[in-house]
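Structural overview for review
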Amino acid sequence: MTEKPENDQGQLWEVFIQAKPGIAHKHAGSVHAHDAEMALASARDVYTRRREGTSIWVVPSNMIAATTEQDADSFFDPADDKAYRHPTFYTVPEGVKYL
Amino acid sequence: MNKEEALQAYLIRLGDNALILGQRLGEWCGHAHQLESDIALTNVALDNVGQSRNLLTEAGRIEDKGRTEDDFAFFRKEQEFRNNLLVEQENGNFAQTITRQYLFDVFQFHLYKALTESKDEFLAGFAEKSLKEVTYHRKLSGDWMVRLGDGTDESHAKMQEALDIMWPFTGELFEMTEIDEVLIAEGIVPSLKDIEEKWRPEVEAVIDEATLAIPDTMGYMARGSRDGHHTEYLGYILAEMQALPRSMPDAKW
Amino acid sequence: MDTAEREKQFQEKIDSGLKVEAKEWMPENYRKQLMRMISQHAHSEIVGMLPEGNWITRAPSLRRKAVLLAKVQDEAGHGLYLYSAAETLGIDRKTMIDQLLSGKAKYSSIFNYPTISWADMGAIGWLVDGAAIVNQTMLARGSYGPYSRAMVRICKEESFHNRQGYEIIYQLAKGTPEQKEMAQDALNRWWWPSIQMLGPSDAQSKNSDETMRWRIKVESNDTVRQRFIDRTVPQAEAAGLTIPDPDLKYNEETEHWEIGEIEWTEFYRVIKGHGPCNRKRLKARQDAEREGQWVREAAAAYAGKQRARAVKAA
């Protein structure tokens, strides 16, 4: 009846910490844990010992989908020549405010 | 016994509990089953050592004879310590450590919670701050109680054995003396009867969830710490803890 | 694209100062070298908890006890960050731990020395962590992103270790004659192992060329060692302690402290497993792993049961 774990260190979880209320959660590192509740507790003990956080997310590492290096050119380079997406692209007549 | 004497004795009782438990948990450092747990246990140890420093410093202040936290920790004899027998029990395996921790955490949680209402300014402030730490300890040890109790056959057996070992030491957590009477009358501390009423159902529910059973002690519980009568463990804890400062009493560290 | 072409591009990327990230292509040997270095580094943190853990229950004041607990805990944290960094290269933590426990993987040899007095807590923080910081500050500039980021975090935390160590030593050196003797004795025993800890001299180091070409390391062992010596000698003087090296002298021209000859035979003796505590350290880790197995199994089993209960409920 005992389930033999394939990896006895538990699953790998990625830890995201919000440093202050109102700002985005940022990747801080990883922990090993067998379930989400323990992953949160470990993340708290490991990554907020020096008052680094006000909120924690944990995500199973294998649930993260990522772009690959091979994707990089096709994913990101096409944005290079679209400067019209940025406000500085446009000229505004002198003296005109709030634009 | 006047109010000051009672308060000082009470602070030492609380301070010794935190100190001896912190000392025990410190023994784990570097030897836990997984890195994450090494870090977690050390956090609990650190919280307890920190609490003991505050409590013993305040005990010295009230006594007004110039004794520091270190004088209390390192230069008192075994029978002068007033920690509960539960916290001095040996670490054993992780099941024993967690069971001891959980039974004590729930007690400490409800006690500190009540102490936030204390008429003594220091105690109320101390309890307010420490309650946050203990709230976390209680969750952590409770989570482990359930996981290990309801884990594998082996872990279940180890947890039941741990509960059998630790349970008889829970009775004297709630034992009251003249110290309590004096301070209850002043509105400084709660009655431990009230704490026990909160402790018992909570502990029973978690033990139940962990699929464990409270051992039948035929109504007998260990006692003695209120009079400074400890189990054999405390002598060794102190021998180890106090050796260095006692070997050079004039040294500063 | 063939491998040679890829390796050329990889080298260009390294040379231009870009970081390499986990899922990007890298030469097999780059991956291997990093796995070796990072896991070795992680093992060193974990084994390194033991000599200091040895004094937690005996720290001579409650303040020192708390500081030491926090410090040894940090080392567990550092081991954890480093194992995670190594895991990004495709090796899991369990495998690395097994390599350590079977004696296949190495860890820093300095932790095979015993901590026989309280002053050793000072010496380790001051000298061993001092040497580690100089080395890790260099490694933080290395080319592999996850390793270099772990190093940045670790260096931030290490500077507290270094300071608390020096504070212990300084306090002892300024204390009673007996305490001063303890401090000097600890310096005598830890000085040369700390010097050796930064690795074989450049002439003998077999891994140096490749790791420097790939900017896994950005400075040589001897350069890092010299920086550590130059920082540490004046600190010893400030505490009124004597570095145990009759040949130590300051070179006005180069503005460096020059040390006497390093006794490498001793270094290799301890690395090969013949230090005073090699067996004890490894046994402590093996015991923790073995005695903890039922806990890990229980945690996994409970998680499995909970998943099954959730499925049933749904």
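Everything below is about the structure printed above this text.
Here goes a summary of the coordinates provided.

Structural notes on the overall build of chain B
Of regular secondary structure, chain B possesses 10 helices and zero strands. Counting from the amino terminus, chain B carries its helices and strands in the arrangement α-α-α-α-α-α-α-α-α-α. For a compact globule of 253 residues, the expected C-alpha radius of gyration is about 18 Å, and chain B comes in at 18 Å, within 12% of that figure. Summarising its shape, the C-alpha atoms of chain B cover approximately 55 × 45 × 35 Å along the three principal directions. In chain B, the proportion of contacts linking residues at least 24 apart, taken out of those at least 6 apart, comes to 81%. With the model as given, the accessible surface of chain B reaches about 9,800 Å², and the carbon-plus-sulfur share is 50%. Distance between charge centres in chain B, computed from 26 positive and 47 negative side chains, equals 4 Å.

Section: the pattern of salt bridges
Using the criterion set out here, one finds 49 salt bridges over all chains in the structure. With a shortest N-O distance of 2.9 Å, E21(C) and R149(C) are connected by a salt bridge. A residue pair is termed long-range when its members are at least 10 positions apart, and E21(C) in the loop between α1 (3-15) and α2 (28-53) and R149(C) in helix α6 (residues 145-173) qualify at 128 residues. Residue classification places E21(C) among the partly exposed residues on the basis of a relative accessible area of 25%. Accessibility expressed as a relative area gives 48% for R149(C), which makes it partly exposed. Of the charged contacts in the structure, one is a salt bridge between K249(C) and E258(C), with a shortest N-O distance of 3.8 Å. Taking the relative accessible area as the measure of exposure, K249(C) reaches 48% and is therefore partly exposed. Where salt bridges share partners, they join D8(A), K94(C), D98(C), E289(C) and R296(C) into one cluster.

Parameters at a glance
Residues numbered from 1 in each chain as written. Chains lettered and ligands numbered in written order. Predicted model: local features only at pLDDT ≥ 70, side-chain atom pairs only at ≥ 80, totals over all residues. Heavy atoms only, no water. Helix = DSSP H or I, 4+ residues; strand = E, 2+ residues; numbered from the N terminus. Rg over C-alpha atoms; globule rule 2.2 N^0.38 Å. Contact = heavy atoms within 4.5 Å. Areas by Shrake-Rupley, 256 points an atom, 1.4 Å probe, with all protein chains shown as cover. Lys, Arg positive; Asp, Glu negative; His and termini not counted. Charge placed at Lys NZ, Arg CZ, Asp CG, Glu CD. Salt bridge = Lys/Arg side-chain N within 4 Å of Asp/Glu carboxyl O. Buried < 20%, exposed > 50% of the residue type's maximum accessible area, 1.4 Å probe, protein only.

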